[in-house]
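So the chains spell out like this:
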Amino acid sequence: MGIRFDLFLLSIAVLCAPCLSDLVLSKVDRRIDLTSQIVRFTSTLKVENIGSDPVSEVLLPFPDHQAKNLAYLAATTNEGKGKTKGSTASLPVEVVHPKGMPPALTWYSVSLPKGLGQGESLTLDVLAVFMHALRPFPEKIPQDQPQRVTFQDSAHYLSPYVVKVQLLSVKLPPDTKLESHTKLEKTEVSGSEIKYGPYENLPSFSYSPIIVHFENNQPFAVAQELVREIEISHWGNVQVTEHYNLIHGGSQLMGEFSRLEYQARPQIRGASAFRHLVAKLPPRAHSVYYRDEIGNISTSHLWGDSRKTQLEIEPRYPMFGGWRTAFTIGYGLPLKDFLFQSEGKRFLNISFGSPIKDLAIDCLIVKVVLPEGSKDVSASVPFHVKQWHEIKFSHLDIIGRPVVVLEKMNVVQEHNQQFQVYYKFNNLSLLREPLMLISGFFFLFVAYIVYMHADLTISKSSASYMAKLQWDEIQTAIQQVLSIINRCLTIHDRLEATLRDLSRTGDVQACKAARKAADGLLKELSKELKPLLTFLHSCPQAAQILPKVEELVAKERELQEKLMAKHSTVVDSYEKKSGGREIENRIASIQQKLKALRQEVEDLIEVIDEI
Amino acid sequence: MAASEDAKASSLRYAFGNVIAFFILLLIGILAFSIRLFSVIKYESVIHEFDPYFNYRVTQYLTKNGIYDFWNWFDDRTWYPLGRVIGGTVYPGLTLTAGTLWWILNSLNIPLSVETVCVFTAPIFSANAAWATYLLTKEVKGTGAGLTAAVLLAMVPSYISRSVAGSYDNEAVAIFALIFTFYLYIKTLNTGSLFYATLNAIAYFYMVCSWGGYTFIINLIPMHVLLCIVTGRYSSRLYIAYAPLVVLGTLLAALVPVVGFNAVMTSEHFASFLVFIIINVVALVYYIKGILSPKMFKVAVTLVISVGLVVCVAVIAVLIALVASSPTMGWSGRSLSLLDPTYASKYIPIIASVSEHQPPTWPSYFMDINVLAFLVPAGIIACFSPLSDASSFVVLYIATSVYFSGVMVRLMLVFAPAACITSGIALSAAFDVFTRSIKFQLPGLSGNSPIDAGDTSSGSVVAQNETVKTEKKEDPGKERPSRKTEKNEDLSKERHSRKNKKKEKENVEKISVKPQEEKRLLVLPLEASVIAIFLLVLLGAFYVVHCVWAAAEAYSAPSIVLTSHSHDGLHVFDDFREAYAWLRHNTEVDDKVASWWDYGYQTTAMANRTVIVDNNTWNNTHIATVGTAMSSPEKPAWEIFNSLDVKYVLVVFGGLVGYPSDDINKFLWMVRIGGGVFPHIKEPDYLRDGQYRIDSEATPTMLNCLMYKLSYYRFVETDGKGFDRVRQTEIGKKYFKLTHFEEVFTTHHWMVRIYKLKPPKNRLRGKTKKSKAKATATTSSKRSVSRKNPWH
């Protein structure tokens, strides 16, 4: 209601404003496309200069309430009148603030390529794209109702110039139900199109509000914020990551959401909801993913051919009016398709907007992450954007990667134009990170080798260190002693074995020889033992263990003697051919002692071993 | 004697063996890591189940706000309106570990998300656990057994079930900490080094940080110490291994907020202090025995015993009085239910209601440890020949853990490493015997180096079998370098300094002639050993196949995403995340969501909404309140929920697609827990002749309770009959309307249904009803529509 009242005021204000120029619009043909949530005005203006001075600009006013939703405005001119249609040139458009004009209007000025002389005429094609121009009415609907929207505009073309003839056609979605529309004179409804006009000889700033109320179940997908991050890797990949924050911008869902009804008749019970979105990705896109902060979303399909890659994504739940969701799409692109070189500079040439069809974006932030070490960064975008630079730290960066950030409000499909980011980059910088890794591991290994070979003891002269060294030596010595004793014991075993052989074969000579050999060996061993013992004597630290060792050696010697005695007795008695019984009697006492000694020696060995 | 040449050759071989062992260990680590990646490959890199979501959320908080805020974190998004002091009630080990990992990676500018780090923490730590097992078993029985045990542990299904990628739970880290603490204990016991004793206390501290299961350590080690003392194996090494652990470990444990004074107050820790006193007394006795003559010693003993008895009796009396003053004897509920398996089901239904607290069945043993179950007894026997301090520890470990695993399925996890260690010992001993018998009987092989063969067999053979195991029957050429790996292991174990290790080895080699003959005696027939080896390899292969199957099929599902194979391919049920995402994006930030406690952690983590109860289950009354609401009729339930500020109620319903663990199946627990606190909820009211049913035979209480209504609201309209695929029956009450709740969201497969509480009605309604009824009798029928609100 408020807006309507504003419009009324506006039209009063407009009517009393002065006409400012010598230009006359001899024919205005406007087509308003309401088939999707984004409203597109296509106007063909035939501009004629009836004044004397050449005119170089044409003013296009829009009411403020429309202008704030204006996403895209482009003017082209057709000079060649049909034959050379290809020579359309887009003209620069900018915001101006002319003085003495009625309030609540925003002005855009189109600069003509060359001044329009007296009596000359020119055809201008103006494309204006608006977001949020369709207002849901009612604002809240239950699940089973279709979504209805209203659209407001003027039947007359709002212009500071006099309009001679003007036509307006409003195109509605096909097969839609038209609830109501403002009926003026010369209003005609045919199919899904409403025609107003032709109206002739309208004064400047004429305004005649119209309202169209109709059913529109097109997806009202609005991205409240979209962050696109484009990361260039000179190893051959351009990684695009897009974070969407999506809302269904149509009539809000009121009351229950019943899955039952939605599943039974999704076309009727969920007419206003949208289930999926289609993204048209560049060809050869690879490693596509679709996820949100809690994981992968499994409902998506991907087709690809040589010209495009098509990704159909379904949000986790059907999107009803007012429902929100957030997700991330990511894909990789081959570098050679998007990165080029010119004049010693490299530049990235990639499209600006979102690949998703029919998406209105409130705020789009494009971040281009250049490789580390890029210099002289600059961006060129075909329309006005806010621009600044950032630094991003990623894989093993030291100085960080330069990031160009471009921000633009109100973005629609028409903004899917190529933009360029220029920078200088030395190919050698590519090798830096691998080299860093290699050297890192290299130093790790070197450090380990050094650690293994270096003696890291804090003080070499400290008492405890010396003591430790000595203790180590003592331990070695004791180990040696033990091994010698062990060897002696094995020799003893062998001697015993010869005795057993003797009792079987009676070969006294062999036995004697064996004894001699063993004797020699034992002597040698005891010689070996001597320096070790003297060393142990000299060490003060060995004092506690020394008695045990000495005891061991003594016991072992005793054992040796006893064994020799036994051996010689047995051999002797064999030589004397004594009987088995007699021999046993003779050696019985020795045998017992031997056994005891052996036991003691073994015990001692164990005790020492444990130390 | 060509001693020097010999030594050179053998030290070269020794180095070779070390390198081979190192690479085998590396491969084991990779195996342990990669066998756990099935879940990422088959599903996605996502946090699993319930508790991991909480840990993940805590880690997120830690990485975002730093360590100090973490300690002081009071979480107001859970247990509304009570909240929960997270910093003081959570075991911080896992969170701090992952947080540190993330911090290191990020300071190296490797931009991994917290989620990724959390997902892969468990596989990384299972590789660590495999290495720790190697170290522990090596201390007990040598390198060969160590490698075998490490391989077995790397893929034991029981451990895989808790440590697949994404299963970001305390146990994943705790098992490593457990094994590593045991390793350091054994190492200290073998070396008597204070350095290892200190490390042991620190490892114990890490374990205390990680898991409540640390009480197992602080009871098992005292038991072993006691065993050693009783069997007369007391030594100064035992004292060094134990005393610092108790003192330092208890001090450190008390630093963890969740433990705090429990480290000295609760009965779980009592055994350690008792044994600490005993070992000190024993040490004193040994010392006095050393300085006194035998006669004097006897006098002293009688003196001390007579005085000591009096003191002991007094102290014990005081202790008993203290302990008995507490109703649970100072034990926590979970510990008590371990000691008395029937305790939980009698007194604490909330512990009993968790499926992993139930006793396991025999198939679950076979599923979780597979062939190890047969190898364990052999391993225990191998531990007895010869019985050392270390191997007696292993025997004790396996004996106790078998008992605990028999009480709770969950503690199968503690049993699995013990089973791996003993089976590793058994396998390696068996291979040892068989390969040696082959070697002595094949003239070609033994002719090479007859003397070497004798003393190195123990190390070489096992290492060789190891390569066979890991690399699946590589060619026998490998055997050459790998023999000799760890000869003389048992002798050199007592050394610490790297330097003198080399020296010793040279020395010790000379005294190895003796065992040769003994070992020659233990030779089996050639054919028998070949067949036995073949069978053992077959057994190992069977184990590997089973483990891979378990990792790939049984334990890889994240449980928040379900899949089913139907004739037209794979079908994905992603309903839980659908519901949580809906809650996250389409409700107010401060809205409270009520659900059964199972879904509390997930709701806070994934939907970021405040919940009433969650999986922490610290407040039984609060849970009982929710249980009561769920089992009450609509109006009282609405009142309960409204008094808790609840705006949405979430129920899980599997009846449409046949998802068995839904809320209707858990409903009896809600009734039980609710009835435990609020006596007007009586379990028999919900049962028809002791049977739980929801069909037409069900009791009216059942058919009118909130859970039934929320689950089956408009369910009948799906197929016209209301056939519940989980219960395999038609539901009892088919057509009903909700008066106090409205459906706001139901997921694609109806698995999660979310209801909103309708706003309260005007209060005057009840009062004016009667007078209004009279008044409206005369008015037109149109008025009756608007009768609900008298002001219109």
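Parameters and conventions
Residues numbered from 1 in each chain as written. Chains lettered and ligands numbered in written order. Predicted model: local features only at pLDDT ≥ 70, side-chain atom pairs only at ≥ 80, totals over all residues. Heavy atoms only, no water. Helix = DSSP H or I, 4+ residues; strand = E, 2+ residues; numbered from the N terminus. Contact = heavy atoms within 4.5 Å. Areas by Shrake-Rupley, 256 points an atom, 1.4 Å probe, with all protein chains shown as cover. Rg over C-alpha atoms; globule rule 2.2 N^0.38 Å. Buried < 20%, exposed > 50% of the residue type's maximum accessible area, 1.4 Å probe, protein only. Lys, Arg positive; Asp, Glu negative; His and termini not counted. Charge placed at Lys NZ, Arg CZ, Asp CG, Glu CD. Axes fitted to C-alpha atoms, helices over the stretch in contact; angles between N-to-C directions. Parallel < 35°, antiparallel > 145°, perpendicular 65-115°, else oblique. Left-handed = near helix turned anticlockwise from the far one by under 90°. Nonpolar A, V, L, I, M, F, W, Y, C, P; charged D, E, K, R; others polar. Core = buried A, V, L, I, M, F, W, Y, C linked by side-chain atoms within 4.5 Å. Salt bridge = Lys/Arg side-chain N within 4 Å of Asp/Glu carboxyl O. Buried area = accessible area lost by both parts, 1.4 Å probe. Polar contact = N/O pair within 3.5 Å; in protein donor to acceptor, adjacent residues only side chain to side chain. Pairing = 2+ DSSP bridges. Domains from an automatic or database assignment. Phe/Tyr/Trp six-rings, centres within 6.5 Å; stacked < 30°, edge-to-face > 60°. Expected span 1.5 Å × (residues − 1). Arc of directions from axis to C-beta. UniProt positions renumbered as here; feature names shortened; annotations may be inferred.

## Points about the overall build of chain B
When its secondary structure is counted, chain B shows 38 helices and 11 strands. Considering only contacts in chain B between residues 6 or more positions apart, those separated by 24 or more positions represent 72%. Put simply, chain B shows about 34900 Å² of open surface, and 65% of that area lies on carbon and sulfur atoms.

## Notes on the overall build of chain A
Secondary structure summary: chain A contains 9 helices and 32 strands in total. Taking 611 residues into account, the globule formula puts the C-alpha radius of gyration at 25 Å, and chain A, at 50 Å, lies well above it. In chain A, which comprises 611 residues, the share counted as buried stands at 47%. In chain A, once contacts between residues fewer than 6 apart in sequence are set aside, the share between residues at least 24 apart is 77%. Just so you have it, chain A exposes about 30100 Å², and 55% of that area is on carbon and sulfur atoms. Within chain A, the 69 negative side-chain charges are centred at a point lying 3 Å from the centre of the 69 positive side-chain charges.

## Topic: the packing of helix α32 (residues 620-631) of chain B against helix α34 (residues 663-677) of chain B
All names here are of chain B. Axis separation between α32 and α34 bottoms out at 7 Å; the angle between their running directions is 120 degrees. When the axis of α32 is compared with that of α34, the two are oblique. In the packing of α32 onto α34, the handedness of the crossing is left-handed. Here α32 contributes Asn620, Thr621, Ile623, Ala624, Gly627, Thr628, Met630 and Ser631 to the contact with α34, which in turn contributes Phe667, Met670, Val671, Ile673, Gly674 and Val677. When grouped by side-chain class, the residues that make up the contact of α32 with α34 number 8 nonpolar, 6 polar and no charged.

## Re the nonpolar core
In terms of nonpolar packing, the biggest core is built from 210 residues, with Phe327, Val368 and Phe419 of chain A together with Phe182 and Ile754 of chain B touching the most fellow members. In terms of residues, this core owes the most to one element, helix α22 (residues 412-441) of chain B, which gives 15 residues. Here isoleucine 754 of chain B is in contact with Ala579, Trp582, Leu583, Tyr648, Val649, Leu650, Glu742, Glu743, Val744 and Phe745 of chain B, once residues within four sequence places are set aside. Membership of the second largest hydrophobic core comes to 53 residues, among which are Leu59, Tyr161, Leu172 and Leu202 of chain A.

## Observations regarding the pattern of salt bridges
All told, the structure shown has 48 salt bridges over all chains when counted by the stated rule. Among the ionic contacts, a cluster of salt bridges with common partners joins Glu229, Glu231, Lys392, Asp397 and Arg401 of chain A.

## Some thoughts on the interface of chain B and chain A
Taken together, the contact between chain B and chain A spans 41 residues of the former and 42 residues of the latter. Roughly 3700 Å² of surface becomes buried between chain B and chain A when both sides are summed, with 48% attributable to carbon and sulfur atoms. At the junction of chain B with chain A, the criterion picks out 5 salt bridges. A salt bridge links glutamate 115 of chain B to arginine 291 of chain A; the nearest nitrogen and oxygen atoms lie 3.3 Å apart. Here chain B and chain A share 19 residue pairs in polar contact (both at pLDDT 80 or more) between them. Those elements giving two or more residues to the side of chain B that touches chain A turn out to be α27 (498-508), α30 (575-586), α37 (716-719) and β10 (741-746) of chain B.

## Quick word on the sheet that holds strand β20 (residues 277-281) of chain A
All names here are of chain A. Overall, antiparallel pairing links the 3 strands, which are arranged β20-β24-β23 in an open sheet. Single-partner strands in this sheet number two, and they are β20 and β23 (300-304). Mean inter-strand twist for the sheet, computed between neighbouring axes without regard to direction, equals 15 degrees. As paired strands, β20 and strand β24 (residues 309-313) are joined by 5 bridges and run antiparallel to one another. Directly across from alanine 279, in β24, lies its bridge partner leucine 311.

## Here we look at the sheet that holds strand β7 (residues 105-116) of chain A
All names here are of chain A. Taken together, the 3 strands give an open sheet; going across it, the order is β3-β7-β6, and neighbouring strands pair in antiparallel fashion. The open sheet terminates on both sides in strands that have one partner only, identified here as β3 (55-63) and β6 (93-96). Sheet twist, expressed as the average angle between the axes of neighbouring strands with direction ignored, equals 35 degrees.

## A short note on the domain arrangement of chain A
Assigned domains within chain A: domain 1 (23-80 + 88-214), domain 2 (221-427) and domain 3 (463-610). Between the C-alpha centres of domain 2 of chain A and domain 3 of chain A the distance comes to 88 Å.

## A look at the packing of helix α9 (residues 170-191) of chain B against helix α11 (residues 214-230) of chain B
If you want to describe how two helices pack, look at the angle between their axes and the distance between the axes. Residue and element names in this part refer to chain B. One can describe the packing of α9 onto α11 by two numbers: an axis separation of 11 Å at closest approach and a directional angle of 25 degrees. When the interaxial angle is binned, α9 and α11 end up roughly parallel. Considering the relative orientation of α9 and α11, their crossing is right-handed. Across the interface between the two elements, Leu178, Thr181, Phe182, Tyr185 and Leu189 of α9 pack against Phe216, Ile217, Leu220, Ile221, His224 and Val225 of α11. Across the contact of α9 with α11, the residue classes tally to 9 nonpolar, 2 polar and no charged.

## What to know about the packing of aromatic side chains
Residue and element names in this part refer to chain B. Following the criterion strictly, the structure yields 59 aromatic pairs over all chains and no others. When the ring of phenylalanine 50 is compared with that of tyrosine 599, the centres are 6.2 Å apart and the planes differ by 70 degrees; the resulting orientation is edge-to-face. With phenylalanine 50 in the loop between α2 (38-42) and α3 (51-71) and tyrosine 599 in the loop between β5 (592-594) and α31 (600-607), this pair connects stretches of sequence that are 549 residues apart. Among the residues examined, phenylalanine 50 registers a relative accessible area of 26% and is labelled partly exposed. The exposure class of tyrosine 599 is buried, given its relative accessible area of 2%. Here phenylalanine 216 and tyrosine 397 contribute two aromatic rings whose centre-to-centre distance is 5.8 Å and whose plane-to-plane angle is 50 degrees, an arrangement assigned as tilted.

## Considering helix α20 (residues 372-383) of chain B
All names here are of chain B. The end-to-end C-alpha separation of α20 is 15 Å, in line with the 16 Å expected for 12 residues at 1.5 Å each. Considered for burial, the residues of α20 that qualify are Leu372, Leu375, Val376, Gly379, Ala382 and Cys383. Projected down its long axis, α20 carries its buried residues within an arc of 125 degrees, all on one side. For α20, exposure combined with an orientation more than 90 degrees from the buried face picks out Phe374 and Ile381.

## Looking at the UniProt feature "transmembrane region" (unreviewed entry) in chain A
According to UniProt, the feature "transmembrane region" (unreviewed entry) maps to residues 434-451 of chain A in the numbering used here. In residues 434-451 of chain A, the share of helix is 100% and the share of strand is 0%. The end C-alpha atoms are 26 Å apart.

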